[in-house]
Amino acid sequence: MKRNMISVIVPIYNIQEYLPQCIDSIINQTYTELEIILVDDGSTDSGGSICDEYALNDSRVKVIHKKNGGLVSARKAGIRAAHGEYITFVDGDDWIERDTYQKILEIGQRADIITYACYEEYGDYRTVKENKLREGLYVTGHECPLYETMLMGNVFFEFGINPSRCTKLIRRNILTVNQENVSDLISYGEDAACTFPCLLDASTVYVSNERCYHYRQRQGSIVKSDGAVCKSNFQRIYHLMAGKIKTSFCCEKLLTEQLHYYMWFILLVKAYGHINTNMLIFPFSKILHGGRIAIYGAGGFGGALKNFCDTLPDVSVAGWSDLHYETYKKQGQDIICIDELLNLDFDYVVIAILNETIAKEVADDFISRGILEEKVDWVKKSVLQKTLLPGWITE
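Residues numbered from 1 in each chain as written. Predicted model: local features only at pLDDT ≥ 70, side-chain atom pairs only at ≥ 80, totals over all residues. Heavy atoms only, no water.

Now for the overall build of the protein. A tally of regular secondary structure across the protein gives 13 helices and 14 strands. A total of 395 residues make up the protein; the buried ones form 57% of that total. Here the contacts in the protein between residues at least 6 apart in sequence split such that 79% fall between residues at least 24 apart. With the model as given, the accessible surface of the protein reaches about 16,800 Å², and the carbon-plus-sulfur share is 48%. Each charge class in the protein can be summarised by its mean position, and for the 41 positive and 52 negative side chains these summaries are 4 Å apart. (Helix = DSSP H or I, 4+ residues; strand = E, 2+ residues; numbered from the N terminus. Buried < 20%, exposed > 50% of the residue type's maximum accessible area, 1.4 Å probe, protein only. Contact = heavy atoms within 4.5 Å. Areas by Shrake-Rupley, 256 points an atom, 1.4 Å probe, with all protein chains shown as cover. Lys, Arg positive; Asp, Glu negative; His and termini not counted. Charge placed at Lys NZ, Arg CZ, Asp CG, Glu CD.)

This is how it looks when you write it as structure tokens:
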């Protein structure tokens with residue numbers, strides 16, 4: 001292990017058009033003590049040869065060519081080849097600010113894990129994704145306030161700490177063990193399955209909201225489809241994280257409650273069709289059989305909800321709206337503006353946003369526009385709190 005060296009791992013699969021911007025943003029860092037590991041996960045485009053060209057021109061660049069095995073497999077291959085004191089990741093279609101690692105090392109007080117913020121880049125607009133915990137150094141232990149809202153804050157659903165490993169420097173010895181525990185078969189939620197066990201193993205964590213990372217939301221991937229992830233994906237995540245919480249001997253009850261909400265969060269986005277409750281459309285208790293609904297929100301949950309409602313014989317979708325409807329229209333999605341939505345004939349408005357605070361603000365806006373409160377519904381923490389997870393999760 002080389003003191004102060006950072007190993008930057010870039011998993012790559014069929015993203016040749018974005019790759020030069022990504023790699024250039026790393027090799028041009030003001031902090032130069034880097035080991036740059038490019039993992040070509042069986043790309044069928046020219047991504048592998050692009051990596052090889054960079055390796056010829058910069059001795060810090062190492063290239064691993066491997067058979068396609070998925071993101072978890074690619075990250076493991078990079079970690080096994082890493083020698084840095086810290087390890088971090090950059091996805092091959094993203095990029096970072098030029099002074100990212102210099103800045104983060106300077107403020108991070110040599111903590112075991114240093115976490116920071118990112119921009120989510122949608123092309124026509126960007127949003128900021130920050131950690132919700134107070135910035136500063138946390139020394140872990142039974143009374144550490146880090147755990148109080150680590151996995152989920154006071155609002156459903158906001159991460160206390162963004163789970164992305166791309167916005168973290170993690171000591172190699174901590175990351176290596178926990179990454180190996182994550183199954184290669186996990187295709188969704190793999191960040192949280194590794195990051196939060198790492199946080200439980202860390203002695204010190206530094207939380208920053210410096211905005212250094214640019215997370216590209218590619219066209220065609222904003223509206224997520226449900227049914228793409230099998231049940232076993234969620235079973236593996238639950239058992240891994242529940243087992244880690246049980247053996248960590250700190251705040252078990254509190255962290256188990258947060259895990260309950262986290263599982264509902266990922267189920268609503270990626271396993272909506274596998275949720276069976278006594279509600280017609282979970283978790284919207286106001287919707288009755290035969291209702292015509294207007295959906296607001298076209299993110300991952302909105303897409304899953306729309307797809308599910310289209311399969312129901314006794315519910316019809318009158319329209320689908322979002323603040324950024326113009327961006328979705330460019331992708332061929334049938335998303336309309338809110339004024340157009342309000343002119344349609346519907347019985348209920350469903351707010352398909354998984355942040356309860358934002359969803360309530362949108363609901364209040366609809367009510368101010370003349371929609372009766374009893375006709376507007378959104379995801380509420382109180383409903384999820386008293387609803388058991390599906391039985392198949394714990395099998």
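After that view of the structure, there is still more to cover.
Turning to the packing of aromatic side chains, a few remarks are in order. Under the criterion given, the structure shown has 16 aromatic pairs. Relative to Phe159, the ring of Phe157 lies with its centre 4.9 Å away and its plane at 90°, an arrangement referred to as edge-to-face. With a relative accessible area of 13%, Phe159 lands in the buried category. Each residue in the set Phe156, Phe157, Phe159, Phe196, Tyr261, Tyr262 and Phe265 is aromatic and connected to the rest through ring pairs, giving one cluster. (Phe/Tyr/Trp six-rings, centres within 6.5 Å; stacked < 30°, edge-to-face > 60°.)

Following Phe156, the chain continues to Phe157 via a peptide bond in cis, the omega torsion being -15°. Along the chain, Phe157 falls in the loop between strand E8 (136-139) and strand E9 (168-171). The omega torsion of the bond from Phe282 to Pro283 falls at 0°, within 30 degrees of zero and hence cis. Locating Pro283 in the fold gives a position in the loop between helix H8 (252-270) and strand E11 (292-296). The residue Gln109 is not glycine, and still its phi comes out positive at about 50°. With respect to the helices and strands, the residue Gln109 is situated in the loop between helix H4 (100-107) and strand E6 (113-121). The exposure class of Gln109 is exposed, given its relative accessible area of 52%. Positioned with a positive phi, Arg110 is a non-glycine residue whose angle comes to about 55°. Its location among the elements puts Arg110 in the loop between H4 and E6.

Turning our eyes to something else, we now look at the pattern of salt bridges. Enumeration over the complete set of coordinates arrives at 26 salt bridges. Between Arg126 and Glu121 there is a salt bridge, and its shortest N-O distance comes to 3.0 Å. With a relative accessible area of 12%, Glu121 lands in the buried category. As a salt-bridge pair, Glu257 and Lys253 come within 2.8 Å of each other at their nearest N and O atoms. On the criterion of helical spacing, the pair formed by Glu257 and Lys253 is a turn pair, its members being 4 residues apart in helix H8. Classification of Lys253 as exposed rests on a relative accessible area of 64%. What you see here is one network of salt bridges that share partners, running through Arg75, Asp91, Arg165 and Asp191. (Salt bridge = Lys/Arg side-chain N within 4 Å of Asp/Glu carboxyl O.)

Here we come to the nonpolar core. Among the nonpolar cores identified, the biggest contains 122 residues, and Tyr101, Phe156, Tyr262, Met263, Tyr272 and Ile281 are the most heavily contacted of them. Counting residues per element, this core draws most heavily on H8, which supplies 11 residues. Listed in part, the 16 residues of the second largest apolar core include Ala294, Ile336, Val362 and Phe366. (Core = buried A, V, L, I, M, F, W, Y, C linked by side-chain atoms within 4.5 Å.)

Time to look at the confidence of the model for the protein. Here the protein shows a mean pLDDT of 94. Residues at 70 or above account for 97%. Every residue in residues 220-227 scores below 50 in pLDDT, and together they form 32 contacts with partners more than four places removed in sequence or on other chains. (pLDDT = per-residue confidence, 0-100.)

What follows deals with the packing of helix H3 (residues 71-80) against helix H5 (residues 172-180). Two measures define how a pair of helices packs: the angle their axes make with one another and the distance between the axes. Two numbers describe how H3 lies on H5: the axes approach to 10 Å, and their chain directions differ by 145°. When you trace H3 past H5, the crossing you get is left-handed. Residue-level inspection shows Val72, Arg75, Lys76, Ile79 and Arg80 of H3 in contact with H5, the latter providing Leu175, Thr176, Gln179 and Glu180. Looking at the contact of H3 with H5, its residues break down into 3 nonpolar, 2 polar and 4 charged. (Axes fitted to C-alpha atoms, helices over the stretch in contact; angles between N-to-C directions. Left-handed = near helix turned anticlockwise from the far one by under 90°. Nonpolar A, V, L, I, M, F, W, Y, C, P; charged D, E, K, R; others polar.)

Glancing now at the packing of helix H6 (residues 190-201) against helix H7 (residues 231-248). One can describe the packing of H6 onto H7 by two numbers: an axis separation of 10 Å at closest approach and a directional angle of 5°. When the axes of H6 and H7 are compared, the pair comes out roughly parallel. Mapping the contact onto sequence places Ala192, Ala193, Phe196, Pro197, Leu200 and Asp201 in H6 and Leu240, Met241, Lys244, Ile245 and Ser248 in H7. Partitioning the contact of H6 with H7 into residue classes produces 8 nonpolar, 1 polar and 2 charged. (Parallel < 35°, antiparallel > 145°, perpendicular 65-115°, else oblique.)

Further remarks concern the environment of Gly160. As for its position among the elements, Gly160 is in the loop between E8 and E9. Gly160 sits in the buried class, given a relative accessible area of 0%. Separated by 11 residues in the primary sequence, Gly160 and Thr149 have C-alpha atoms spaced 5.0 Å apart. Not counting residues up to four positions away in its chain, the partners in contact with Gly160 are Asn131, Lys132, Leu133, Thr149, Met150, Leu151, Met152 and Gly153.

Now for the environment of Ser248. By the element assignment, Ser248 lies in helix H7. Considering only alpha carbons, one finds Ser248 and Lys67, 181 residues apart in sequence, at a separation of 35 Å. Within the structure, Ser248 has its side chain in polar contact with the backbone oxygen of Ile245 (distance 2.8 Å). (Polar contact = N/O pair within 3.5 Å; in protein donor to acceptor, adjacent residues only side chain to side chain.)

Bringing helix H12 (residues 356-368) into the picture now. Three- or four-residue spacings in an α-helix give side chains the same orientation, since the helix completes a turn every 3.6 residues. The end-to-end C-alpha separation of H12 is 18 Å, in line with the 18 Å expected for 13 residues at 1.5 Å each. Here H12 has its buried residues at Ala359, Val362, Ala363 and Phe366. Taken end-on, H12 shows its buried residues confined to a sector of 100°, consistent with a single buried face. Facing away from the buried side of H12, by more than 90 degrees, are the exposed residues Glu361 and Ser368. Backbone nitrogen of Thr357 and a side-chain oxygen of the N-cap are separated by 3.0 Å at the start of H12; the cap is Asn355. Among the residues trailing H12, Gly370 stands out with phi positive, at a value near 105°. (Expected span 1.5 Å × (residues − 1). Arc of directions from axis to C-beta.)

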